[in-house]
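Letter by letter, the chains look like this.
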Amino acid sequence: MAGLSGKRSDRNDPPATITSRLLPVMLDEKRLAALGTLNILDFGRANSGSLEFFNQFSCRLCVLDAADSLLEWSAGLEARMEDPPSNQQMQLELSGILSSMGAYRYDLVFFWDTLNHLHEHSLTAFSGFLRRYLTADCRGHGFMLHKRGTEQLLRHMGMAGDNLIAVHQQTAAKLYPHNRKIVNDALGSELRIDQGVLHGDGRLEYLLVSETVKPQ
């Protein structure tokens with residue numbers, strides 16, 4: 001990984017990049033060709049590099065920059081923990097924040113750091129909400145703060161190549177670290193983290209797969 005500081009880089013500087021061993025698994029050419037036209041959900045901020053990358057696919061792309069909204073919601077949720085809302089109530093609130101997801105089911109989901117924008121109490125609700133929008137063959141990719149001492153940065157990322165991620169901007173923020181077991185428990189029986197790679201900065205890169213039983 002290129003050196004990533006906590007400061008916003010100069011707009012004229014090229015973005016730092018992260019090399020991924022899991023993106024090539026997610027973007028397996030034969031598998032994607034078999035799926036045909038793809039529905040792709042990108043929990044990121046629109047940028048020319050990602051748009052150029054996704055343009056190589058026959059796809060419908062939804063770019064959903066919800067980081068600030070999810071962090072604000074999670075901070076409010078933390079303040080409500082004396083009388084925590086139900087999963088049903090949290091899913092209703094998430095449906096308002098993430099309404100741009102539309103009525104599609106997605107084959108590929110780029111989470112980036114989204115899990116760390118969510119309070120631990122909301123992970124099960126988020127997973128239940130998300131399952132409505134995933135195909136039986138869905139794969140997801142993202143990162144989580146695996147070590148609690150890792151510097152907390154709100155990162156805006158995008159695609160830069162089949163195995164390259166560009167970090168366009170990062171600022172200090174209050175995030176919510178989760179370990180892999182907590183996330184897998186919250187995902188339930190229909191989703192799971194299939195592979196994980198621990199990076200030197202303390203973040204776990206993960207590949208999420210759908211465990212939905214396909215009809216015979």
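To be clear, the structure that these remarks concern was listed above.
Residues numbered from 1 in each chain as written. Predicted model: local features only at pLDDT ≥ 70, side-chain atom pairs only at ≥ 80, totals over all residues. Heavy atoms only, no water.

Considering helix 6 (residues 123–131)
Burial of helix 6 is extensive: seven of the nine residues sit out of reach of the surface. Considered for burial, the residues of helix 6 that qualify are L123, A125, F126, S127, G128, F129 and L130. (Buried < 20%, exposed > 50% of the residue type's maximum accessible area, 1.4 Å probe, protein only. Helix = DSSP H or I, 4+ residues; strand = E, 2+ residues; numbered from the N terminus.)

Quick look at the pairing of strand 4 (residues 106–112)
Burial analysis of strand 4 places seven of its seven residues in the buried class, the great majority of the element. Relative to strand 4, strand 2 (residues 38–42) runs parallel, the two sharing three bridges. If you follow L41 over to strand 4, its bridge partner there is V109. Where strand 4 lies against strand 5 (residues 134–145), five bridges are found, and the strand directions are parallel. Looking across to strand 5, one finds that V109 is bridged to G140. (Pairing = 2+ DSSP bridges.)

As for the nonpolar core
M101 and F126 are the most contacted members of the largest nonpolar core, which has 34 residues in total. Among the secondary structure elements, those contributing two or more residues to this core are helix 4 (67–78), helix 5 (87–97), strand 4, helix 6, strand 5, helix 7 (180–187), strand 8 (191–198) and strand 9 (203–210). Top contributing element to this core by residue count: helix 6, with five residues. Setting aside residues no more than four positions away along its own chain, M101 makes contact with L41, C62, L64, Y106, F129, L130 and Y133. Counting residues in each nonpolar core, the second largest holds 21 residues, with M26, F54, L108 and V167 among its members. (Core = buried A, V, L, I, M, F, W, Y, C linked by side-chain atoms within 4.5 Å. Contact = heavy atoms within 4.5 Å.)

With respect to the state of the cysteines
The tally for this structure, following the rule as stated, stands at zero disulfides. Unpaired in terms of disulfides, C59 finds its nearest cysteine sulfur in C62, a separation of 11 Å. Considering cysteine sulfurs only, C62 is the nearest to C138, which forms no disulfide, with 13 Å between them. Note on C138: relative accessible area 3%, which makes it buried. (Disulfide = S-S within 2.5 Å.)

A look at the sheet that holds strand 8
Reading across from one edge, 3-2-4-5-9-8 is the order of the six strands in this open sheet, with mixed pairing throughout. Two strands lie at the open edges of the sheet, namely strand 3 (59–63) and strand 8, each paired on one side alone. Taken over all neighbouring pairs, the strand axes of this sheet differ in orientation by 15° on average, direction set aside. Two strands pair when backbone bridges link them, and strand 8 and strand 9 are joined in this way by seven bridges, in the antiparallel orientation. Bridging from a neighbouring strand, V197 pairs with E205 of strand 9. (Axes fitted to C-alpha atoms, helices over the stretch in contact; angles between N-to-C directions.)

What to know about the sheet that holds strand 1 (residues 16–19)
The strand order 1-7-6 describes an open sheet built from three strands, whose pairing is antiparallel. Of all strands in the sheet, those bounded by a partner on one side alone are strand 1 and strand 6 (153–161). For this sheet, the mean angle separating the axes of adjacent strands, direction not counted, is 35°. One ladder, built from four bridges, connects strand 1 with strand 7 (residues 164–172); its direction is antiparallel. The partner of I18 across the bridge, within strand 7, is I165.

Looking at helix 4
Counted at 1.5 Å a residue, the expected span for helix 4 with its 12 residues is 16 Å, and the 16 Å between its end C-alpha atoms agrees. Every buried residue of helix 4 is listed here: A67, L70, L71, W73, S74 and L77. Burial along helix 4 is one-sided: seen end-on, the buried residues are contained in an arc of 165°. Lining the buried residues of helix 4 we find helix 5 and strand 6. (Expected span 1.5 Å × (residues − 1). Arc of directions from axis to C-beta.)

Notes on unusual backbone geometry
A positive phi angle, close to 55°, is found at W112, a residue other than glycine. Here W112 lies in strand 4.

Thoughts on the packing of helix 6 against helix 7
The interhelical angle for the contact between helix 6 and helix 7, taken along N-to-C directions, is 50°, at an axis separation of 8 Å. Judged by the inter-axis angle, helix 6 sits oblique to helix 7. The chirality of how helix 6 crosses helix 7 is right-handed. Listed contacts from helix 7 to L123, T124, S127 and R131 of helix 6 are I182, V183, A186 and L187. (Parallel < 35°, antiparallel > 145°, perpendicular 65-115°, else oblique. Left-handed = near helix turned anticlockwise from the far one by under 90°.)

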